[in-house]
Every structure is written in structure tokens, then in C-alpha cells.
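Tertiary structure, described
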Amino acid sequence: MCAFKRLFTGVTLWTWRRSRWISRHGKAVFSSCKPKVCVVGSGPAGFYTAQHLIKGRHDVEVDIYERLPVPFGLVRFGVAPDHPEVKNVINTFTQTAKHARCNFYGNVDVGKDVSVQELQQAYHAVILSYGAEGNRRMGIPGEDLAGVYSAKDFVGWYNGLPSCRELSPNLSCETAVILGQGNVALDVARILLSPTDILKNTDITQPALEALMESKVRRVLIVGRRGPLQIACTIKELREMVTLPGTRPEMMPADFEGVLEALPDLPRPRKRLTELMLKAAVKLPLEEEQERRRKSSRSWGLRFFRSPVLVLPSPDGTRTAGIRLAVNKLQGSGEAARAVLTGNVEDVTCGLVISSIGYKSLLIDPSVPFDSGKAIVPNQMGRVQQSPGLYCSGWLKTGPTGVIATTLNNSFDTARSLMEDMDAGKLDTSAAKSGSQSIRKLLETRGVKPVIFSDWEKIDDVEMRMGESVGKPREKLLTVEKMLQVAWE
Ligand code: FAD
């Protein structure tokens, strides 16, 4: 029995009801000394870590703090609108959020509205799961010209991320070049080229849908530093490109030299991926497919062995007119092969450049250890180095790679580390902690009003109803102000 509980036993008649001490007058008086944990960030990492803790221990209470008024992180603002099945994880997250031992506090920017140290004082443990909200820059001249965007912002724009609302990308050019060949690059290419008749039934934002309806982009080149055997996308995303209605692949067969011969020795997933690429690039298709390709007015192509060196400006110097690519060759083979320059360059005329070379985590609070080289919080199995009581999960822990299932695994690992520390007495839970009670008071003095889960449900309801009226699963609210207005009306 903890000291706090002992002190009050016998003084007043206390009953244990749900997770709080309640006086016989039915009023919550103070929080118990049950382990109180808070999670920063409500993306998959935040929710999966919370879920595993709640399932793993009958006593732990978890509060989730989120910067935006709406939960679910990249499931809402990253996953492509035409991948609704991926978003089904929201149902599991909602169950967690509604659990009696879980609370959601949106509209709280940790590092700004409340510090990590303040959270550590109020909770037995703090788990940082705030993802990777920065983007890697290409570091080439011309990168800041109009017409150059990061995939992070472009994706945020079509998915309704409030900070990307004003992006209004110029889609009046014929050719777009995407730098990077991961799944995010393929998502962007697919959205640029998809028939809007398909997109109009998704939760893509209305301004993005309208811009895409007017888009003049007919050709998308997806550029990678290395070769077909090193491409970073997965087969599902590539197959979606190969079968995208109204489009034809436009590859350079020379890029595939020696690939057929390498096929038998490849591990199975890469083998299947490579076979699909070869089918699109070099094999003569069946008559029906040839006919489909002939009728297609749009094209996409993977360009290998190319690195960006310069964004070429328009004659008046105001916007992008093309990109200069250095031609590479490979040193070594397989996954470990390195791209080295040949000294040759090639210019591609284009009006739109989208760099999809990776997200990166940012430091939100100077008190948190941060490895700025790797852009992660240094940790061992989710335990932040030299910071007892501080943990991390998700992309902040591993770097921005992997799908939601990968994030699930690494988040469960972090939850396990935390529970092991509790069991081993390495995490002191003997003294009662104030948890959200004191944090909410602190936030109130700072003029910050959290959005609780039932507030989010009001936003959810409004968005679904707005969507229903135009045949979409949801029409997202696009500004924080509008979200807050709906949440609190
Ligand atoms: P996030 O999802 O980014 O969540 C972090 C949360 O922290 C956000 O809600 C953010 O608002 C919040 N936050 C940030 N800063 C603060 C702060 N200071 N205070 C409080 N809260 C804060 N995976 C799939 O399986 N299928 C897909 O189709 C797929 N598509 C993807 C498409 C894109 C464009 C991207 C980028 C990723 C995609 N993924 C997909 C991968 C998947 O989204 C990630 O694995 C997962 O979202 C990582 O989870 P996370 O919780 O670490 O980060």
C-alpha cells in the first residue's frame, strides 16, 4: 500500500470506484497512486503503446497528449486517401481512447504549452511518440524555387493537414519529377495521375480534388539514386501504379540490364517486386494491355541511377523549369550497393519537383536527449538513454521507416520495457502523481484548453456528415480554428 493511500485509510470512508478514489459523497477527491503514464503524440505509436500498457497491466492509467485537435497522426494526414482500408486501425485506436483508463488531450503542443519536465513531474513515466514531422532537404541549389515541394507538405496538402492548407501547388505543367522511390513517392505519383473520378469518392480534401481536376500534369518521373534491385517501395504500391487506369509505364530498358539474370538469387519479396518491374519495363505486354497503354493519355516512369544536383530556374528566375540529374553507377551489389557519380549529367524539363527523400524527427524540448545525426531520441528498447522514466516509441524511436505494423511492434516493445521496469522496481511508482489534474490546471493558466475524445467525436461526426452529402467517406475540416469551433460548440 503506498504512503498516500495509508495516510487516508481510516480517516474517511473511501471506496474504490473505477480508477479513482471517490469520497462517499461521490466526488473525486484526488488521484490514486496507481501508475500514471503519459504519451506524447496520438499517431499509431502513441495509441499502440497506450493499448499495450492498458492490456498488460490492470492498474496503469494512460493520458495521451496531442498537438492537434484531432487524433491519429499520419493515419489521418499521411496515408493516401485511396487507401481507406489502411485507416481501419482507427477503430482499434478509438477503443483504446475510450477505455476507462485512457484519456485523450488534443490541442496540447508539448514543448510549447507544457514542457517534458513538467510532464515528468506529473507522471510516473512519459513516453515520447511524436513521430517525424520534419523533412530532409535535398541540399541543392534552387531547392527553394516556386514549384519545388517536399512530399511531406504535398501529402499534407491533399490530406488536409492544417499547416499545409495554403500550399496550392501549381499543377499547370505537363511533367512532374519526384525524387525518391519509396512508398510515399509512389503515393504522390498515384495521386497526381489518378482519374479524379476515383479520387472524388475518397476523403481527399475538396481544394486538392478541385486542383487535381484542373491539373495539366500528364507525366510523372520517379527518380532514384540506385538501381531497380535497390528500389525502396513495396509491391502493393508498385502494382497500383502498373494498373493505374488511364496511365502507361514509361521506363528505360537500359536501366534493367543484368536484372533478369540476378532474379533467381533474390529474396522472395524483392524477387516478386523485381518481376513486376520487369513486366512493366521490358516485357512485351499482351495485346489487350498494349491497347490499354495506347489509349492512356498519362504516363509514369521509374528513372534509376540519377541524383538531383540543381533545380533549373525559369528564364525570369522565379520558378522551377527543370531539374539537373547526375548520372550514377553502382559500386557493389544488392541492398548494400552504393551510388557513385559518373560525371555525366542530364536535364529534365519539368514544372513541378517533389522531394520524397524522407521525413525526420525534430527536437521538441531541449531537456530531451536527441541524436541530431540520426534524428531520433537515443534509446535502448524504447528506454531513453540516461533519462529514467522517459521512453519513446514509433518513428521518433526508430527513424521514419516502416509501415503501421512495424510501428505496432516497436510500440509494443516500448510498452514491454516500461512494464518490465515497473516490475523490477526500476521505475518508482510508490509516490502518488497528480497526472492530468495538475497538467490541466497548468494548461488553464496558460490559456490552453484541451480537446477531449468526445470533442473529437463531434468533429468526426461533422466531417462524416459533410462527406456523406458529397459521396465521400469524410470531408475534413481544414483549419485548427474550425476544428476547435466544432469541438466546443
Ligand atoms: P505519427 O503518425 O506521425 O504520429 C505522431 C503524432 O504526434 C501526430 O499526431 C502529431 O501531431 C503528434 N505530435 C507531433 N508533435 C507533437 C507535440 N509537440 N506535442 C504533441 N503531439 C505532437 N503505413 C502503412 O501501413 N500503410 C500506408 O498506406 C502508409 N502510408 C503512409 C503514407 C505517408 C505519406 C507516410 C509518411 C507514412 C505512411 N505509412 C503507412 C507509415 C505510417 O504512417 C507510420 O508507420 C506511422 O504513422 C508512424 O507512427 P508514429 O506514431 O510514430 O508517427
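Bringing the domain arrangement of the chain into the picture now. Entries for the chain in the domain assignment read domain 1 (33–133 + 361–451) and domain 2 (136–356). Distance from the C-alpha centre of domain 1 to the C-alpha centre of domain 2: 34 Å. Opposite the 15 residues of domain 1 that make contact, domain 2 presents 18 residues. Together domain 1 and domain 2 conceal approximately 1200 Å² of surface at their shared face, both sides included; 52% is due to carbon and sulfur atoms. Area buried by domain 1 at its contact with domain 2 is led by Phe77, Pro81 and Asp82, which between them contribute 46% of it. Counting across the interface, domain 1 meets domain 2 through three salt bridges. Arginine 190 is paired through a salt bridge with aspartate 82; the nearest N and O atoms lie 2.7 Å apart. Taken together, the connections running from domain 1 to domain 2 amount to 10 residue pairs in polar contact (both at pLDDT 80 or more). For the side of domain 1 that touches domain 2, the per-class residue count stands at seven nonpolar, two polar and six charged.

Looking now at the pairing of strand E13 (residues 298–303). Looking down a regular strand, the side chains alternate between one sheet face and the other. The buried count for E13 comes to six of six residues, which makes it a mostly enclosed element. Neither face of E13 is left uncovered, since the one carrying Arg298, Trp300 and Leu302 and the one carrying Ser299, Gly301 and Arg303 both have all their residues buried. Strand direction decides the pairing type here: strand E11 (residues 219–223) and E13, joined by five bridges, are parallel. Across the sheet, arginine 219 pairs through a bridge with serine 299, a residue of E13. Pairing geometry for strand E12 (residues 247–249) and E13, over three bridges, is parallel. Bridge pairing in E13 places proline 249 opposite tryptophan 300.

Closest axis-to-axis distance for the helix H2 (residues 44–56)/helix H15 (residues 404–423) pair is 8 Å, and the angle between their directions is 45 degrees. One finds that H2 runs oblique with respect to H15. Crossing hand, H2 versus H15: right-handed. Packed against H2, whose contacting residues are Pro44, Ala45, Tyr48, Thr49, Gln51, His52, Leu53 and Gly56, the element H15 presents Ile404, Thr407, Leu408, Ser411, Phe412, Thr414, Ala415, Arg416, Leu418 and Met419 at the interface.

Here we come to the sheet that holds strand E9 (residues 148–150). One open sheet accounts for six strands, arranged E9-E17-E10-E11-E13-E12; its pairing is parallel. Looking at strand neighbours, the two that pair on one side only are E9 and E12, the edges of this open sheet. Strand-to-strand twist of the sheet, defined as the mean angle between neighbouring strand axes without regard to direction, takes the value 20 degrees. Inspection of the sheet shows strand E10 (residues 175–179) paired to E11 by five bridges, in the parallel sense. Counterpart to valine 177 in the pairing with E11 is leucine 221. Against the sheet, helix H7 (residues 183–193) contacts E10, E11, E12, E13 and strand E17 (352–355), and its axis sits at roughly 175 degrees relative to E11.

Moving on to the site of the ligand. Neighbouring the ligand are 34 residues, the closest being Ala45, Glu66, Leu74, Trp395 and Ile404. Between the ligand and glycine 402 there is a distance of 3.2 Å, counted from an oxygen atom to a backbone nitrogen or oxygen. Note that an oxygen atom of the ligand is positioned 3.4 Å from one of the backbone N or O atoms of valine 403. Expressed as a share of its isolated accessible area of 1000 Å², the protein-covered part of the ligand is 94%. Looking at the shell around the ligand, the elements that each hand over two or more residues are H2, H7 and H15. Considering only residue class, the shell around the ligand consists of 18 nonpolar, 11 polar and five charged. In terms of domain composition, the shell around the ligand takes at least three residues from each of domain 1 (33–133 + 361–451) and domain 2 (136–356).

Scoring rules and cut-offs
Residues numbered from 1 in each chain as written. Predicted model: local features only at pLDDT ≥ 70, side-chain atom pairs only at ≥ 80, totals over all residues. Heavy atoms only, no water. Domains from an automatic or database assignment. Contact = heavy atoms within 4.5 Å. Buried area = accessible area lost by both parts, 1.4 Å probe. Salt bridge = Lys/Arg side-chain N within 4 Å of Asp/Glu carboxyl O. Polar contact = N/O pair within 3.5 Å; in protein donor to acceptor, adjacent residues only side chain to side chain. Nonpolar A, V, L, I, M, F, W, Y, C, P; charged D, E, K, R; others polar. Buried < 20%, exposed > 50% of the residue type's maximum accessible area, 1.4 Å probe, protein only. Helix = DSSP H or I, 4+ residues; strand = E, 2+ residues; numbered from the N terminus. Pairing = 2+ DSSP bridges. Axes fitted to C-alpha atoms, helices over the stretch in contact; angles between N-to-C directions. Parallel < 35°, antiparallel > 145°, perpendicular 65-115°, else oblique. Left-handed = near helix turned anticlockwise from the far one by under 90°. Near = heavy atom within 4 Å. Areas by Shrake-Rupley, 256 points an atom, 1.4 Å probe, with all protein chains shown as cover.

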